[in-house]
Structures are given as structure tokens and as C-alpha cells.
Amino acid sequence: MGALLTRLDQDTPYGFKFSGITLWLLAADAGVQRVIDNYNPNCPRWLAHSTLQYGMQIGEAEARRRFARLKTAVEGSGPITLRLTGPPDLYGPYGDVPPYQMRGIGVMFRGSPAYNNLREHLAASGFSGSSFPHTSLVYDWIGSPRVTNDVAEAIRAAVPELSYGAEVVFDAVALIFRLSGRMPIIHGFLNPRNGLLDTIR
């Protein structure tokens, strides 16, 4: 990254705390993953994703039951392609998202028939699905000096392909247990084409 790293805050510790059980729609796009890896110094890495449902206050057994129903419903379907509504930017004027106690930089997507179909399967399985699909590229706690307009500008300059109308492919759903406070733990993920692929502890 060279000189771009001088524009990033490398001293402030990462402090965002996760809550509850979450569903992610995982991105298959390696370019989006590289942005996350490159622009989050002093931060645990995470898989590129669009959050389907965050912070569920349910038990692990119930989450697994719902996930099994979802697996049955989506098995055999294909990946989901979403189009950006604009380039990477702060969430709002300063990037703060008070309901989730976070500050972020990300990209927003238009919905699509395939995404709406997934949301219907989520609802039938006992989950819900976000009505505003998005992917966070940088995030931390509200007010964090790590998440600034300078960082958003650096990402836009370095990755111009993430622009209005660009497509990002998503090809798996992950059930996330936030057991470690900061680092998400993936207990299982399913690929709509191939069903349950793996379990990671």
C-alpha cells in the first residue's frame, strides 16, 4: 500500500464489540476482501460479507435449528449478484450508526430478485434479512479516529472499480457466534449451490 498507510490510523486499538448471533451473506469477490485486509490496521480480519441479521438474542441450539431449515430451503439455488448504488463512503456524515454502536465505511447495494427470494426463505426459517444490503469495508466503535473521510477517499482512489453499478457476487450464508467479544467465530456456513460446507470452531 505504500504511502496510503500514512493516511490510516495505526495506533488506535480496535475496540468494536460484537453482540449476539448473526447471519452473514459472504462475498465471493476477492477484491472486496483485499480492501478489508488492507485498510484495517490493528484490527482482527473478517470475511467480506453483507449482514443479513445482526445481534440475535437466541440460544445456539435454536440458531442451529433455524439454520438447518434455511439450508433445506436454499439448497440448489445459485449465487446472488448485487449492484453498488455508489462508491465506498462513510455511513452518514461521520460514519456513525448509533443503533449498532459502530462507525463505518462501506458500500450499499440495490436489492435484486434473488436477494428478495433469499429474504423470503430467511423469514420462513425464523430469521430476517436486511432490506438495505451493504458491505462494511472499515468499521469500529462510534467516534473512532480509525474511520474517517480520508480513509474513504483513499479506498475510492485505490479501488476505482468499486463504483456505481459495479457488481459483487455473494455465494454463501454464514451463521456467526460472537463468542469471543471482538472476533467473530463461524460455526457453519452454507453455499446455496452445495448445502452445508464446513463447520469451524
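Located above this text is the structure these notes cover.
(A) A look at the pairing of strand β8 (residues 167–177). The element β8 is largely enclosed, with a buried count of nine among its eleven residues. Pairing of strand β1 (residues 21–27) with β8, which is carried by seven bridges, proceeds in the antiparallel orientation. In the sheet register, Thr22 faces β8, and the bridge partner there is Ile176. Across four bridges, the pairing between strand β3 (residues 80–83) and β8 is antiparallel. From the neighbouring strand, Arg83 faces β8, where its bridge partner is Glu167.

(B) Structural detail: helix α3 (residues 113–124). Relative to the 16 Å expected for twelve residues at 1.5 Å per residue, α3 spans 17 Å between its end C-alpha atoms, a close match to the ideal helical length. Burial in α3 covers these residues: Tyr115, Leu118 and Leu122. The buried residues of α3 occupy one face: seen down the axis, they fall within an arc of 55°. In α3, the exposed residues that point more than 90 degrees away from the buried face are Pro113, Glu120, Ala123 and Ala124.

(C) How the structure looks around the nonpolar core. If you look at the biggest cluster of nonpolar residues, it comprises 50 residues, and the most contacted ones within it are Leu23, Leu52, Ile105, Leu118, Leu137 and Ile155. In terms of residues, this core owes the most to one element, β8, which gives eight residues.

(D) Broad picture of the packing of helix α2 (residues 60–74) against α3. At a minimum axis separation of 9 Å, α2 and α3 run at an interaxial angle of 140°. Judged by the angle between their axes, α2 and α3 are oblique. As for the relative orientation of α2 and α3, their crossing is right-handed in sense. Across the interface between the two elements, Arg69, Leu70, Ala73 and Val74 from α2 touch Leu118, His121, Leu122 and Ala124 from α3. Considered class by class, the residues forming the contact of α2 with α3 number six nonpolar, one polar and one charged.

(E) How the structure looks around the packing of aromatic side chains. Here the structure, examined in full by the defined rule, presents two aromatic pairs. Ring geometry for Trp46 and Tyr139: centres 4.5 Å apart, planes at 40°, overall tilted. Of the two residues, Trp46 is situated in the loop between α1 (30–38) and β2 (49–56) and Tyr139 in strand β7 (residues 134–140); the sequence distance between them amounts to 93 residues. Each of the two residues, Trp46 as well as Tyr139, counts as buried. Judged by centre distance (5.5 Å) and plane angle (90°), the ring pair of Phe109 and Phe170 falls under edge-to-face. In this pair, Phe109 sits in the loop between β6 (102–108) and α3 while Phe170 sits in strand β8, placing the two residues 61 residues apart along the sequence. Both residues of the pair, Phe109 and Phe170, count as buried.

(F) Representation of α1. Where α1 is concerned, the buried positions are Val32, Gln33, Val35 and Ile36. The arc that holds the buried residues of α1, viewed along the axis, is 155°, so those residues lie on one side. Where α1 is buried, its residues contact β7, α4 (149–158) and β8. Its side-chain oxygen at 2.7 Å from the backbone nitrogen of Gly31, Asp29 defines the N-terminal cap of α1.

The rules behind these values
- Residues numbered from 1 in each chain as written.
- Predicted model: local features only at pLDDT ≥ 70, side-chain atom pairs only at ≥ 80, totals over all residues.
- Heavy atoms only, no water.
- Buried < 20%, exposed > 50% of the residue type's maximum accessible area, 1.4 Å probe, protein only.
- Helix = DSSP H or I, 4+ residues; strand = E, 2+ residues; numbered from the N terminus.
- Pairing = 2+ DSSP bridges.
- Expected span 1.5 Å × (residues − 1).
- Arc of directions from axis to C-beta.
- Core = buried A, V, L, I, M, F, W, Y, C linked by side-chain atoms within 4.5 Å.
- Axes fitted to C-alpha atoms, helices over the stretch in contact; angles between N-to-C directions.
- Parallel < 35°, antiparallel > 145°, perpendicular 65-115°, else oblique.
- Left-handed = near helix turned anticlockwise from the far one by under 90°.
- Contact = heavy atoms within 4.5 Å.
- Nonpolar A, V, L, I, M, F, W, Y, C, P; charged D, E, K, R; others polar.
- Phe/Tyr/Trp six-rings, centres within 6.5 Å; stacked < 30°, edge-to-face > 60°.
- Polar contact = N/O pair within 3.5 Å; in protein donor to acceptor, adjacent residues only side chain to side chain.

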